[in-house]
Amino acid sequence: MVAGIYKITNLITNLFYIGHAKDIELRWKSHESTLNRNIHDNSYLQAAWNKYGAENFEFVAIEGVEDLDKLIEREQFWIKHYAKKESSATRVHTRFTHL
């Protein structure tokens, strides 16, 4: 079990979803399962998954976090980090993350 921060990227649009999990591998399986069954809580991510297909998404663990109390803090760090790197058009879509 690896806790940490992960990023799901749409390889066509470059929009992304950043999340945290106590078990990243288990969380990815949960995302994949709900997306494939068309019942994901994030309607924007679900719509993109339906439109572009699973093969156009990349799931990457971006940071392991040992102190579980710091998961949300580290998630916020990465959301801000990627928002700064993206164009203003993409920055609008960072609201699809856990802001």
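The structure reproduced in this document is the subject of the present report. This structure is a prediction, so every number in the text was calculated from the model and none was measured. (Residues numbered from 1 in each chain as written. Predicted model: local features only at pLDDT ≥ 70, side-chain atom pairs only at ≥ 80, totals over all residues. Heavy atoms only, no water.)

Throughout the structure, instances matching the rule amount to eight aromatic pairs. For the pair Trp78 and Tyr82, a centre-to-centre distance of 5.9 Å together with 35 degrees between the ring planes defines the contact as tilted. With Trp78 and Tyr82 both in helix H3 (residues 71-85) and four residues apart, this pair spans about one turn of that helix. Under the relative-accessibility criterion, Trp78 is labelled buried at 15%. Connected via pairs of aromatic rings, a cluster forms that spans Tyr6, Tyr17, Trp28, Trp49, Phe57 and Phe59. Note that Lys7 overlies the ring of Phe16, its terminal NZ or CZ placed 5.0 Å from the centroid. Lying across the ring of Phe77, Arg74 places its NZ or CZ 4.3 Å from the centre. (Phe/Tyr/Trp six-rings, centres within 6.5 Å; stacked < 30°, edge-to-face > 60°. Helix = DSSP H or I, 4+ residues; strand = E, 2+ residues; numbered from the N terminus. Buried < 20%, exposed > 50% of the residue type's maximum accessible area, 1.4 Å probe, protein only. Lys NZ or Arg CZ within 6 Å of the ring centre and 35° of its normal.)

By the definition in use, this model includes three salt bridges. Ionic pairing is found between Glu63 and Arg74, a salt bridge with its closest N-O pair at 3.0 Å. Highlighted residues: Glu63 in strand E3 (residues 57-64) and Arg74 in helix H3, separated in sequence by eleven residues. On the basis of relative accessible area, Arg74 is assigned to the partly exposed category, the value being 21%. Between Glu73 and Lys70 there is a salt bridge whose closest N-O contact spans 3.9 Å. (Salt bridge = Lys/Arg side-chain N within 4 Å of Asp/Glu carboxyl O.)

Looking now at the environment of Asp23. Looking at the secondary structure, you find Asp23 in the loop between strand E2 (16-21) and helix H1 (24-36). Sequence separation between Asp23 and Gly64 is 41 residues; the distance between their C-alpha atoms is 9.9 Å. Setting aside residues up to four positions removed in sequence, Asp23 forms contacts with Met1, Val2 and Ala3. Reaching out from Asp23, the side chain makes a polar contact with the backbone nitrogen of Leu26 at a distance of 3.1 Å. (Contact = heavy atoms within 4.5 Å. Polar contact = N/O pair within 3.5 Å; in protein donor to acceptor, adjacent residues only side chain to side chain.)

Moving residue by residue along a regular strand, the side chains alternate between the two faces of the sheet. Across the six residues of E2, five count as buried, placing the element largely inside the fold. Across six bridges, strand E1 (residues 4-10) lies against E2 in antiparallel orientation. Pairing of Tyr6 across the sheet is with Gly19, part of E2. Where E1 hands over to E2, the hairpin turn is made up of five residues, of which Asn14 adopts a positive phi near 65 degrees. (Pairing = 2+ DSSP bridges.)

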